[in-house]
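The primary structure of each chain is shown beneath.
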Amino acid sequence: HWKSAPNDDWKNIVNPLIWRRYKKDGSGNIEDIPFRPYKHQFESWEALLTQRKSIVVTSGTGSGKTECFMVPLIHDLTKNTHDGRNEAVEAIFLYPLNALMEDQKERLNNYITFSEKDLKFAVYNGNTPENRNSSNYEGPDYPKTEIASRDEIRTVKPNILLTNPSMLEYMLLRENDKDLFSKDLKGIVIDETHTFKGSAGAELAMLIRRILKACGKRSLSCSVYKGDRDLCSVLYFEKIFSAMAQR
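This one's a predicted model, so the numbers in the text were calculated from it and none came from an experiment. (Residues numbered from 1 in each chain as written. Predicted model: local features only at pLDDT ≥ 70, side-chain atom pairs only at ≥ 80, totals over all residues. Heavy atoms only, no water.)

Quick word on the overall build of the chain
- Within the chain one finds seven helices and eight strands.
- Here the chain holds 247 residues, and the buried ones make up 51% of them.
- Contacts in the chain between residues at least 24 apart in sequence constitute 75% of all its contacts with a sequence separation of at least 6.
- Accessible surface computed for the chain: about 12400 Å², of which carbon and sulfur atoms make up 47%. (Helix = DSSP H or I, 4+ residues; strand = E, 2+ residues; numbered from the N terminus. Buried < 20%, exposed > 50% of the residue type's maximum accessible area, 1.4 Å probe, protein only. Contact = heavy atoms within 4.5 Å. Areas by Shrake-Rupley, 256 points an atom, 1.4 Å probe, with all protein chains shown as cover.)

Shown next, in the form of structure tokens:
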């Protein structure tokens with residue numbers, strides 16, 4: 001069992017509108033979540049938004065690790081949208097498997113919708129259609145907050161980009177994708193960090209360095225490393241990425 005946040009101070013850190021859900025009666029109406037965030041979620045939000053620190057989230061299965069990074073990042077990206085949406089990739093979510101991206105899409109769409117702000121996301125992997133005429137383009141089945149084709153990703157540019165390390169490597173090499181990397185990048189999330197061990201972890205660390213260089217940055221305001229309770233891999237990633245930020 002995970003402890004709840006001790007008070008309502010979290011409302012001073014993130015937009016309370018994001019902490020909502022659709023009613024379970026199937027009506028499509030939205031309601032406030034009738035309980036406080038978990039203590040580790042609140043502490044993550046505080047570290048990312050108030051202290052501007054990178055975090056490692058290693059709580060157990062079903063503990064809401066996704067909300068530890070998704071809620072504060074959406075809050076951070078939407079707080080300056082009163083002048084219109086910033087058409088730039090501001091956050092990259094890295095997943096080892098395409099299925100994990102698909103699993104996150106509904107939750108990401110919901111939180112963006114709840115925020116009542118103009119924000120877009122996109123999934124960019126081997127299954128992403130080239131354009132709206134592609135045979136695998138699903139048309140109206142995509143959420144309103146999703147940019148669904150490669151052509152649109154390159155021209156409209158999502159605020160949040162979900163991808164995998166292999167595709168990110170291709171994007172860095174392709175001329176058509178180079179404009180996706182800019183100084184607007186604020187944060188990187190790495191899911192299932194415990195799967196990147198040994199040479200895979202070293203390769204990912206080098207890939208992140210190349211992303212920072214492509215964006216003209218030496219470090220980021222926030223990064224999130226999320227995985228199961230694997231102390232060795234957590235310490236390993238903290239060491240690698242702390243060293244990376246110093247270069």
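Next comes the rest of the account.
Observations concerning the pairing of strand S6 (residues 160–163)
- Side chains Ile160 and Leu162 project from S6 onto one buried face, and the interleaved Leu161 and Thr163 project onto a second face that is buried too.
- Inspection of the sheet shows strand S5 (residues 121–123) paired to S6 by three bridges, in the parallel sense. The residue of S6 that forms the bridge with Phe121 is Ile160.
- Taken together, S5, helix H4 (residues 150–156) and S6 form a β-α-β motif whose crossover is right-handed. (Pairing = 2+ DSSP bridges. Right-handed = clockwise from strand over helix to strand, strands pointing away.)

Concerning the pairing of strand S4 (residues 91–94)
- Of the two faces of S4, the one holding Ala91 and Phe93 and the one holding Ile92 and Leu94 are both buried throughout.
- Where S4 lies against strand S7 (residues 187–191), four bridges are found, and the strand directions are parallel. When the sheet's bridge partners are listed, Phe93 is paired in S7 with Val189.

Observations regarding the packing of aromatic side chains
- In this structure the tally under the stated criterion is eight aromatic pairs.
- Ring centres 5.5 Å apart and planes at 70° place the aromatic pair Trp19 and Trp45 in the edge-to-face group. Placement of the pair is Trp19 in the segment before strand S1 (20–22) and Trp45 in helix H1 (residues 39–50), with a sequence separation of 26 residues. For the residue pair Trp19 and Trp45, the accessibility class agrees, reading buried in each case. (Phe/Tyr/Trp six-rings, centres within 6.5 Å; stacked < 30°, edge-to-face > 60°.)

Things to note about the side chain of Arg154
- Position of Arg154 relative to the elements: it lies in helix H4.
- At 3.0 Å, the side chain of Arg154 and the side chain of Tyr124 are in polar contact.
- A polar atom in the side chain of Arg154 sits 2.7 Å from the side chain of Asp177. (Polar contact = N/O pair within 3.5 Å; in protein donor to acceptor, adjacent residues only side chain to side chain.)

Here's the deal with the packing of helix H2 (residues 65–78) against helix H3 (residues 98–115)
- Orientation of H2 relative to H3, taken along the N-to-C sense of each, is 40°, at an axis distance of 10 Å. It follows that H2 is oblique to H3 by the angle criterion. Crossing handedness for the pair H2 and H3: right-handed. Judged by residue contacts, Thr66, Glu67, Met70, Val71, Ile74 and Thr78 of H2 engage Gln104, Arg107, Leu108, Tyr111, Ile112 and Ser115 from H3.
- Within the contact of H2 with H3, the residues separate by chemical class into six nonpolar, four polar and two charged. (Axes fitted to C-alpha atoms, helices over the stretch in contact; angles between N-to-C directions. Parallel < 35°, antiparallel > 145°, perpendicular 65-115°, else oblique. Left-handed = near helix turned anticlockwise from the far one by under 90°. Nonpolar A, V, L, I, M, F, W, Y, C, P; charged D, E, K, R; others polar.)

A few points about the nonpolar core
- Ranked by internal contacts, the top residues of the largest apolar core, which has 30 residues, are Ile74, Phe93, Leu108, Ile160 and Leu162.
- For this core, the secondary structure elements donating two or more residues are H1, H2, S4, H3, S5 and S6.
- Looking at this core, the element that brings in the most residues is H2, giving six residues.
- The contacts of Leu108, once residues within four sequence positions are left out, are Met70, Ile74, Phe93, Phe121, Ile160 and Leu162.
- The next biggest cluster of nonpolar side chains, apart from the first, holds 25 residues, and it includes Leu94, Tyr124, Leu172 and Ile211. (Core = buried A, V, L, I, M, F, W, Y, C linked by side-chain atoms within 4.5 Å.)

Just distances and angles here, no functional claims.
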